[in-house]
Amino acid sequence: MKFEFLSTTGQSFLKAIVETEEEKQGFRAEGPYPLLKMVNDTVIFDYEIKTIHPDILALLCITCFYPYLDQYVTFPQPVSQKIEEAFGENGVLKLHEVIDGRYQQTKGIKVTNIDDSITPYKGSKLAISFGGGMDSSALYKLIPEAILVHEQTKLNNGEIQLEKTLETIDLINGEGGQAFSFANNNRRGISEPSGWPGWAACTCNALLLSTDFNIGYIMTGSVIAGSFLSNGRKYFPGTDPLRKNKWIQAFELVGIPMFPPTGGLSEVANAIILHKTNFINKAHWCFRDQGSNCQLCWKCFRRDTILFAIGALDVNNEFWERYNTDFIKKQLVKRPIYFAHIFSFTLRKLEHLTWLKPFIPYDVENTSDWICNSYTEAIKLVPEELRHLISERIVKFIEPMKDESKVENWDCTY
Ligand SMILES: [Zn+2]
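Not measured: the values here are computed from a predicted model.

A. Focus on the overall build of the protein chain. Looking only at helices and strands, the protein chain has 13 helices and 15 strands in total. Along the first, second and third principal axes, the C-alpha set of the protein chain runs to 65 × 55 × 45 Å. When each of the 414 residues of the protein chain is scored for burial, the buried share is 43%. Relative to all contacts within the protein chain whose residues are 6 or more apart in sequence, the contacts with residues 24 or more apart total 73%.

B. Up close: the pairing of strand β8 (residues 102-105). Note: strand β7 (residues 96-99) against β8, four bridges, orientation antiparallel. Residue pairing for β8: His 96 is matched across the bridge by Gln 105. Here β7 hands over to β8 after two residues, with Asp 100 in that stretch at a positive phi of 50 degrees.

C. Layout of the nonpolar core. Ranked by size, the top nonpolar core spans 107 residues in total, and within it Leu 60, Cys 61, Ala 127, Leu 148 and Val 268 carry the most contacts. Beyond its immediate chain neighbours, meaning those up to four positions away, Cys 61 contacts Phe 3, Leu 14 and Phe 75.

D. Representation of helix α3 (residues 134-142) within the structure. The element α3 is extensively covered by neighbouring structure, given that eight of its nine residues are classed as buried. The set of residues buried in α3 consists of Met 134, Asp 135, Ser 136, Ser 137, Ala 138, Leu 139, Tyr 140 and Leu 142.

E. Highlighting unusual backbone geometry. In the segment running from Glu 192 into Pro 193, the intervening peptide bond is cis, with an omega of -5 degrees. In this fold, Pro 193 is placed in the loop between β13 (191-192) and α5 (204-210). Here Arg 335 and Pro 336 are connected by a cis peptide whose omega angle stands at -5 degrees. Within the secondary structure, Pro 336 sits in the loop between α10 (326-332) and α11 (340-346). Residues other than glycine seldom take positive phi values, yet Asn 231 does so here, at roughly 55 degrees. By the secondary structure assignment, Asn 231 is in the loop between α6 (224-227) and α7 (246-254). In this structure, Asn 278 takes a positive phi of about 60 degrees despite not being glycine. Tracing the sequence through the fold places Asn 278 in the loop between α8 (267-276) and α9 (298-309). With 9 C-beta atoms packed within 10 Å, Asn 278 lands in the exposed category.

F. Structural view of α9. With 12 residues, α9 should cover 16 Å at 1.5 Å per step; its first-to-last C-alpha distance of 17 Å lies within 8% of that length. Residues of α9 that are buried include every one of Phe 301, Arg 303, Asp 304, Thr 305, Ile 306 and Ala 309, and no others. On its buried face, α9 sits against α3, α8, α10 and α11. One or two steps after α9, the chain reaches Gly 311, where phi turns positive at roughly 80 degrees.

G. Summary view of the sheet that holds strand β4 (residues 36-38). Pairing is antiparallel across the open sheet formed by three strands, whose spatial order is β3-β4-β13. The sheet is open, and its two borders are formed by β3 (25-26) and β13, each paired with just one other strand. Pairing geometry for β3 and β4, over two bridges, is antiparallel. Pairing of Gly 26 across the sheet is with Leu 36, part of β4.

H. Looking closely at the packing of α3 against α8. Where α3 meets α8, the closest approach of the two axes is 9 Å, and the angle between their N-to-C directions is 50 degrees. Between α3 and α8, the angle falls in the class oblique. At the point where α3 passes α8, the crossing takes the left-handed sense. In this structure, α3 uses Met 134, Asp 135, Ser 137, Ala 138, Lys 141 and Leu 142 to contact α8, whose residues at the interface are Glu 267, Asn 270, Ala 271, Ile 273 and Leu 274. A class-by-class count of the residues in the contact of α3 with α8 yields six nonpolar, two polar and three charged.

I. Region of interest: the environment of Leu 332. Structurally, Leu 332 can be placed in helix α10. For Leu 332, a count of 20 C-beta atoms within 10 Å puts it in the buried group. On a C-alpha basis, the gap between Leu 332 and Thr 376 in space is 30 Å, while along the polypeptide they are 44 residues apart. Beyond its immediate chain neighbours, meaning those up to four positions away, Leu 332 contacts Ile 337, Phe 359 and Pro 361.

J. Structural view of the environment of Tyr 47. Position of Tyr 47 among the secondary structure elements: in the loop between β5 (42-45) and α1 (54-65). A tally of 19 C-beta atoms within 10 Å means that Tyr 47 is categorised as partly exposed. In sequence terms Tyr 47 and Leu 171 are 124 residues apart; their C-alpha atoms lie 21 Å from each other. Residues contacting Tyr 47, with those up to four places away along its chain left out, are Ser 12, Phe 182 and Leu 208.

K. View of the packing of α8 against α9. Here α8 crosses α9 at 60 degrees, and the two axes come no closer than 10 Å. Classified by the interaxial angle, the pair formed by α8 and α9 is oblique. By crossing handedness, the relation of α8 to α9 is classed as right-handed. Contact with α8, carried on its side by Glu 267, Val 268 and Ala 271, involves Ile 306, Leu 307 and Ala 309 of α9 and no other residues of that element. Here the residues of the contact of α8 with α9 sort into five nonpolar, no polar and one charged.

L. Spatial organisation of the environment of Phe 236. In this fold, Phe 236 is placed in the loop between α6 and α7. Given 13 C-beta atoms within 10 Å, Phe 236 falls into the partly exposed group. Taking the C-alpha atoms as reference points, Phe 236 and Gly 132, 104 residues apart in sequence, are found 27 Å from one another. Here Phe 236 is in contact with Phe 228, Ser 230 and Arg 243, once residues within four sequence places are set aside.

About the cut-offs
The residue numbers shown here count from 1 along each chain, following its written sequence. Confidence filtering applies because this is a predicted model: local features only for residues at pLDDT of at least 70, side-chain atom pairs given and counted only at 80 or more, and all residues used for totals across whole chains, interfaces and linings. Think of it this way: any DSSP run of H or I at least four residues long counts as a helix, any run of E at least two long counts as a strand, and we number them from the N terminus. Each residue is classed by its C-beta neighbour count within 10 Å, where at least 20 other C-beta atoms makes it buried, 12 or fewer makes it exposed, and intermediate counts make it partly exposed; the C-beta atoms are placed from backbone geometry. The contact rule is simple: place each C-beta atom from the backbone, and if two of them lie within 7 Å, those residues are in contact. Two strands are said to pair when DSSP picks up at least two bridges between them. Note on terminology: a nonpolar core is any set of buried Ala, Val, Leu, Ile, Met, Phe, Trp, Tyr and Cys residues joined through C-beta atoms within 7 Å. By this rule the span expected of a helix is its residue count minus one, scaled by 1.5 Å. Structural elements are reduced to axes, namely lines fitted to C-alpha atoms, with helices fitted over the stretch in contact, and the angle between N-to-C directions of any two is expressed from 0 to 180 degrees. Relative orientations are named as follows: roughly parallel for angles under 35 degrees, roughly antiparallel for angles over 145 degrees, roughly perpendicular for angles from 65 to 115 degrees, and oblique for any other angle. If you view the pair so one helix is near and one far, a crossing is left-handed when the near helix is turned anticlockwise from the far one by less than a right angle, and right-handed when it is turned clockwise. Under the scheme applied here, ten amino acids are nonpolar (Ala, Val, Leu, Ile, Met, Phe, Trp, Tyr, Cys and Pro), four are charged (Asp, Glu, Lys and Arg), and all others, including Gly, are polar.

Here it is in C-alpha cells:
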C-alpha cells in the first residue's frame, strides 16, 4: 500500500493507494471482528496543518488504514527506523489474519522508504484525545493544562453530528483551557461494515496536530474496566509487557507515548472527580437527545446509576421508570454482566425500587470497598517521567485502594 498526504486551505487529505488484492480487505487488530472491506480510500480532515513529522504521519496512515495493510508499505515521506521497530517483523504490533478459524498475529510490515538520517519524533506537551464523555472529562479536570483534541462525527450526508460536547469545548476554551474540535470525513466510512478501523484510531485528530503543537504524549480516558478488567468480566495483568496493549507499545516506540492516566480508576471514581469539580453536567456520553444524554439507553442507565450512587443525581423513584424496560432487564440477567463491577456497586443503592430489586446482581461480589478508589498498579501504564505528576493529581480527588487483591482476583466468568 502506498499513501499520499496533502494539507491545504482548511483541509488535510490522506489517501491510501491499494497495490495488491489483499489490501482491499482485512481485520482490526483487537479481536475476532468481522472481515472489513475497504470502500473508500481517502480520509479528509477539516483542518489544515503547517507541518507533520514523517513518523507521525506514518502512524496516522497506520491507525486510519490498519486493517488493509499488507507486507509492503510506502509512506508519504521517508520515515525513520522507528516505524519498523514498532510495526515490522520484530515489532510489537503485527498484522492479523484468521488462520484455521483462529484470529492471530502474522507478519510485520516492510517499509519501502526508510531513511536512517531522519531523527525520531519528540514532543513535550500533554494532549487528551477528548470524547467529551465522563472519562475524558474527568481526565481534563485532572490535567487541565493538557491540549484537548476532539473529533466531530460527520454523518453520511456530510452533516456534523449534533453534540453538546461542542458547547463544552467552548466552555473549556473560555475557562483558560486549550481545546480543538474538528471533523474528518469518512474515517468511519472507509470500511464496510462501517466503524472505526481500530481502537487507536481515536487518536487520529491528535496525531494530525501533534507536530504543530509540540504534543509529546496522547492521553486517553480508558478506565480500569478496559485496562485491567475486560469490561468487568475478569482481571488481566494489564501492565505485564506480554499483556500490555500493543498499540500503546507501538506509539511509545515511535516517540509519542499514548496512555490512560486513569487506567486505575473506575467510572465511579471518574464521576466522583466530575462531581467534586462541578463538571458533571458538562459531560455528554450519548447524543440521542438533541446531542446529549437520552436517559433511556443501556449506557445512560449505567451512568445514571453511577451518578445516583455517588449522590450526584437527585431524582425520585418515578425517574427510574424510564429504565423499567424489557431491554434493560434482559441486559441485567446476562452473566457475566457487562461492567459487573459497576452494577454490583450502583444497583445495591437502588434496592428501594420494587421493579429493579429482582434484577440486582447480588450474586456478584459487592465492590463498594474499592470501586471509589484507585488501583495504584495502573501508574505503570504512565511513562516514568510523568508518574509523579499523575499520581499527585489523582490523589487530590481519589484515595488509593486499601486492598488491591480485590481487583486482582476479580472473576465473573464462573
Ligand atoms: Zn443514552
